[in-house]
Amino acid sequence: MSKLLVENVGKVFAGQRGGEPTRALMPTSLTVADNDFITILGPSGCGKSTLLRIIGGLETASEGRILLDGSAVTGPGADRGFVFQSYTLFPWLTVQQNIAFGLREKGVPEAERLKIARDWAARVGLGGFVDHFPKQLSGGMQQRTAIARALANDPKILLLDEPFGALDNQTRALMQEMLLGIWEREQKTVLFVTHDIEEAIFVGSRVVVMSARPGRIKADIPVDLPHPRPYTIKTTPEFVALKERLVEEIRAEVIAADH
Amino acid sequence: MRPLQPVSATARIGYGLTFFALFVALWSVATFGGYVQRLFLADPLTMVGEGWNLMTRYGFGFDIVMTIWRVVGGFILAVIVALPLGILMGAYKPIEAFLEPFVSFARYLPASAFIPLLILWAGIGETQKLLVIFIGAVFQLILMIAVSVGSIRRDLVDAAYTLGATDQSVVRRVMLPNAAPEIAEIFRLVLGWAWTYVIVAELIGSSSGIGHMITDSQALLNTGQIIFGIIVIGLIGLISDFLFKAVNQRLFPWARA
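Residues numbered from 1 in each chain as written. Chains lettered and ligands numbered in written order. Predicted model: local features only at pLDDT ≥ 70, side-chain atom pairs only at ≥ 80, totals over all residues.

What about the overall build of chain A?
Then comes step 1: Summing up its helical and strand segments, chain A has eight helices and ten strands in all.
Then comes step 2: Taken against the 2.2 N^0.38 rule, which gives 18 Å for 259 residues, the C-alpha radius of gyration of chain A at 18 Å falls within 12% of a compact globule.
Then comes step 3: Look at the contacts in chain A between residues 6 or more apart in sequence, and 70% of them connect residues 24 or more apart. (Helix = DSSP H or I, 4+ residues; strand = E, 2+ residues; numbered from the N terminus. Rg over C-alpha atoms; globule rule 2.2 N^0.38 Å. Contact = placed C-beta atoms within 7 Å.)

Here it is, written out as structure tokens:
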């Protein structure tokens, strides 16, 4: 069953100071099934983040439409959880209060929302940090809190925009495993934007490759690796073969973008 | 000394006090050494003596209380008006476009120039003093609050929307707490400016207050009393600044660097 339907969605940014308008995204179509984990892979500036932001309702499409469970997306809402590349925890709230932010908007009673928030903090390995402020946390911990904050809202789909882009390699690998673990347990529909090929294969069930600007979908490749996936899977021949194929796809695009 | 190298807390206090000591020393040399005539500048000891006289014999304590009440009263009135207006301007761009040009203009109107008009409208009572402080503070407050509320990071607002926040709760639960420490800092700053207006207000048409005492002392050529009055203003400013900082740090532990 299709959960999310992206139909001919494109984006043209108006020209700055009388300049030519720029097309960031060609009309793009994408079907996302229930409980699917799709990674969107592309070079910098290919419009992959623009596509995700349109789905999240943070940007309006210049054409086309988006349907989530059959109803059109018109703006941001609690049914689509969003995790940003930048650190977006509210600095004046503790980890627990941050995670409970959306629940409070929904009108969940305080005792219940704090219980759910504690529960989610524990699930992302921050059970001992519920009363910490964001500035007391490392970058990886902040992003884990951000993921917990989005999931505590129980969204229909989780949208992640290069959430581990600012983290160091070791932390990033641990975060990928944690996210994958959550997905395997909770069965969520996930759209994950990244420019890291290994990351795209490791966490995704399907890798959608986007072309250089103006972005369009260039390839849609299933990842037939078994679950649960331990980090050791990254050295198996199947993984390496898939990686080589994607490296070629992306290389062509980076070269195209430079010329 | 190297650029940006920090100093310890004790050294910081020591350096700060040293300058005060240096200042008094220079003043003593100038007055006790006879370089400046007593008529123009009293020496530190005379100043302390005159201050003692003022406090014990002339009821200067009452003047101090009157001045503080005028500053605080006028300032609170200004905050009551400026806080909602500033928040609305910071959050909603059409309201900003509507009010910002006028407020920017009004903020350059010198509060002291209104004193003759205010005396005409409100007499020489307390209302007039409060209004001088109000006019001097309110426009500055509105603009500075608007800027601090409006300068929120866009992605924090986006994050709130994706968590299901309504427009109203984005203002109430995101923009306001985000700006709160800076607004408290603005209060501290503008209260300092309000002190300069109150003295001017008291110089004209007043029968009490630190400014009134200073005008009286001028008539008697008592520079010791004038300097004592000025120093009292400085001390009260220093104390209120210190209190504000302490309260802000307690209220906003998350914002401390």
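We are not done yet, so read on.
With respect to the UniProt feature "domain: ABC transmembrane type-1" (unreviewed entry) in chain B
Then comes step 1: UniProt feature "domain: ABC transmembrane type-1" (unreviewed entry): in the numbering of this structure it lies at residues 64-244 of chain B.
Then comes step 2: Structurally, residues 64-244 of chain B is divided into 85% helix and 0% strand, and its ends, taken at the C-alpha atoms, are 19 Å apart. (UniProt positions renumbered as here; feature names shortened; annotations may be inferred.)

Side note on helix α1 (residues 48-56) of chain A
Residue and element names in this part refer to chain A.
Then comes step 1: Within α1, nine of the nine residues are buried, which leaves the element mostly enclosed by the surrounding structure.
Then comes step 2: Residues Lys48, Ser49, Thr50, Leu51, Leu52, Arg53, Ile54, Ile55 and Gly56 constitute the buried set of α1.
Then comes step 3: In the segment just after α1, Gly57 is the residue with positive phi, at about 85°. (Buried ≥ 20, exposed ≤ 12 C-beta atoms within 10 Å, placed from the backbone.)

Comments concerning the packing of helix α5 (residues 139-152) of chain A against helix α6 (residues 169-186) of chain A
Residues and elements named next belong to chain A.
Then comes step 1: Interaxial distance between α5 and α6 falls to 11 Å at its minimum, and their mutual angle equals 20°. Judged by the inter-axis angle, α5 sits roughly parallel to α6. Along this stretch, α5 crosses α6, giving a crossing that reads as right-handed. Contact residues: Gly140, Gln143, Arg144 and Ile147 in α5; Thr171, Met175, Met178 and Leu179 in α6.
Then comes step 2: Among the residues forming the contact of α5 with α6, the class breakdown is four nonpolar, three polar and one charged. (Axes fitted to C-alpha atoms, helices over the stretch in contact; angles between N-to-C directions. Parallel < 35°, antiparallel > 145°, perpendicular 65-115°, else oblique. Left-handed = near helix turned anticlockwise from the far one by under 90°. Nonpolar A, V, L, I, M, F, W, Y, C, P; charged D, E, K, R; others polar.)

Some remarks on the sheet that holds strand β5 (residues 71-72) of chain A
All names here are of chain A.
Then comes step 1: Taken in spatial order, the four strands of this open sheet run β2-β1-β4-β5, and their pairing is antiparallel. The strands lining the two open edges of the sheet, one partner per strand, are β2 (22-33) and β5.
Then comes step 2: Against the sheet, α1 contacts β1 (2-13), β2 and β4 (63-68), and its axis sits at roughly 120° relative to β1. (Pairing = 2+ DSSP bridges.)

Remarks on the domain arrangement of chain B
All names here are of chain B.
Then comes step 1: Taken domain by domain, chain B consists of domain 1 (1-34) and domain 2 (37-255).
Then comes step 2: With centres defined by C-alpha atoms, the gap from domain 1 to domain 2 works out at 28 Å.
Then comes step 3: If you look at the interface, domain 1 gives five residues, while domain 2 gives four residues.
Then comes step 4: Partitioned by chemical class, the residues of the side of domain 1 that touches domain 2 number three nonpolar, two polar and no charged. (Domains from an automatic or database assignment.)

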